[in-house]
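As a plain string of letters, each chain reads:
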Amino acid sequence: MRLLSPAPSVLETTTVNYEERVSFVENILIDCLQRADRFWLLDGAMGTQLQKRGLPLGVQPETFNLTHPEVVTQVHREYLQAGSNILYANTFGANRLKLEGSGYSVEEVVAAGVRNALQAVKDEGRGTVFLDIGPTGKLLRPLGDLEFEDAVAVFGEMVHAGVMAGAEGILIETMSDIYEAKAALLAAKEHSDLPVFV
């Protein structure tokens, strides 16, 4: 049973709905794990690709989802054309702690990031979009000042926005603190029933 009702995505047609796409993705992932002769290719770095295309140093790559969506979508298209099967939405640092002072909300940035990746999938006729969750940028207690429950809430906002935008899976990556990864995983499980990779 789906915990949230996602917004219609660019991939929805009269024959395939969101739940069917998620089930399809889950079956493919299970098949990949069970068969040694089958594998999927993931996309590559987004930030460096955006810097090559005009993202100024010091500007959050995730804000390009709103200010330059065509550039982000083109990067996704090129990864699909190069053979990638799974696209990570440009949402790695789209949490409220990192977006503070940017003028954008988590919901806006995450929705635009997922939408851009879904558009590339539609344009190329194949692919799957995962919400990409990176670290908060803060240290959790006892080394820092971020409470575990607050980290779960921060990640929960991202997951909620990603599900509502039509993400088909969740990736939790590049976390050096296993406790922070646990907070992200807990948020993913509390706010969705999508497949999760850590």
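Bear in mind the structure is a predicted one, so any value in this text is a computation, not a measurement. (Residues numbered from 1 in each chain as written. Predicted model: local features only at pLDDT ≥ 70, side-chain atom pairs only at ≥ 80, totals over all residues. Heavy atoms only, no water.)

Asker: With reference to specific residues and values, describe the overall build of the protein.
Answerer: Scanning the protein from terminus to terminus reveals eight helices and four strands. N-terminal to C-terminal, the α/β element order of the protein is α-α-α-α-β-α-α-β-α-β-α-β. Taking as baseline every contact in the protein between residues at least 6 positions apart, the subset at least 24 positions apart corresponds to 75%. Here the protein has roughly 9,700 Å² of accessible surface; of this, 56% comes from carbon and sulfur atoms. (Helix = DSSP H or I, 4+ residues; strand = E, 2+ residues; numbered from the N terminus. Contact = heavy atoms within 4.5 Å. Areas by Shrake-Rupley, 256 points an atom, 1.4 Å probe, with all protein chains shown as cover.)

Asker: So what's going on with the sheet that holds strand S4 (residues 196-197)? Residues and values would help.
Answerer: In any sheet, the strands associate via hydrogen bonds between backbone groups, in a parallel or an antiparallel arrangement. Strand order in the open sheet formed by four strands is S1-S2-S3-S4, and the pairing between neighbours is parallel. In the strand order of this sheet, the two ends are held by strand S1 (86-88) and S4, each with one partner. Sheet analysis places strand S2 (residues 128-133) next to strand S3 (residues 169-172), joined by four bridges and oriented parallel. Bridge pairing in S3 places Phe130 opposite Gly169. Strands in contact with helix H6 (residues 106-124) are S1 and S2; relative to S2, the strand with the most contacts, it is inclined by about 155°. Against the sheet, helix H7 (residues 148-165) touches S2 and S3, its axis set at about 165° to S2. (Pairing = 2+ DSSP bridges. Axes fitted to C-alpha atoms, helices over the stretch in contact; angles between N-to-C directions.)

Asker: Mind laying out the pattern of salt bridges, listing which residues take part and the relevant values?
Answerer: Here the structure, examined in full by the defined rule, presents four salt bridges. One salt bridge in this structure joins Glu78 and Arg53, with 2.6 Å as the shortest N-O distance. Taken together, the positions of Glu78 in helix H4 (residues 69-81) and Arg53 in the loop between helix H2 (47-52) and helix H3 (64-67) put the pair 25 residues apart, joining distant regions of the chain. For Glu78, a relative accessible area of 30% puts it in the partly exposed group. Across the pair Asp123 and Arg77 runs a salt bridge whose closest N-O atoms are separated by 2.8 Å. Here the residue Asp123 occupies a position in helix H6, and Arg77 occupies one in helix H4, the gap between them amounting to 46 residues. Of the residues examined, Asp123 reaches a relative accessible area of 38% and is grouped as partly exposed. (Salt bridge = Lys/Arg side-chain N within 4 Å of Asp/Glu carboxyl O. Buried < 20%, exposed > 50% of the residue type's maximum accessible area, 1.4 Å probe, protein only.)

Asker: Go over the pairing of S3 with me, naming the residues and quoting the values.
Answerer: The side chains of a regular strand alternate between both faces of the sheet. Going residue by residue along S3, you find Gly169 and Leu171 tucked away on one face and Ile170 and Ile172 tucked away on the opposite face as well. As for the winding sense of the linkage, the β-α-β connection from S2 through H7 to S3 is right-handed. Pairing of S3 with S4, which is carried by two bridges, proceeds in the parallel orientation. Paired with Ile170 across the bridge in S4 is Val196. (Right-handed = clockwise from strand over helix to strand, strands pointing away.)

Asker: Just give me the short version of the layout of surface pockets, but keep the residues and values in it.
Answerer: Any space left empty among the atoms is revealed by the rolling of a water-sized probe across them. Reported here for the largest pocket is a volume of approximately 240 Å³. Residue lining of the largest pocket: 16 residues in total, with Met46, Gly47, Asn90, Phe92 and Asp132 positioned closest to the centre. (1 Å grid on protein atoms, 1.4 Å probe; cavity = no way out; pocket = protein on both sides within 12 Å on 5 of 7 lines; lining within 4 Å. Points joined across faces, edges and corners; volume = space filled by probe spheres on them.)

Asker: Give me the side chain of Ser84: which residues, what numbers.
Answerer: Looking at the element boundaries, Ser84 is found in the loop between H4 and S1. Separated by 3.3 Å, the side chain of Ser84 and the backbone oxygen of Leu42 make a polar contact. Once residues lying within four places of it in the same chain are set aside, the contact partners of Ser84 are Leu41, Leu42, Asp43, Tyr79 and Arg126. (Polar contact = N/O pair within 3.5 Å; in protein donor to acceptor, adjacent residues only side chain to side chain.)

Asker: Residue-level account of the environment of Glu147, with values.
Answerer: Note that Glu147 resides in the loop between S2 and H7. The exposure class of Glu147 is partly exposed, given its relative accessible area of 33%. Considering only alpha carbons, one finds Glu147 and Glu180, 33 residues apart in sequence, at a separation of 10.0 Å. There is a polar contact of 2.6 Å between the side chain of Glu147 and the side chain of Arg141.

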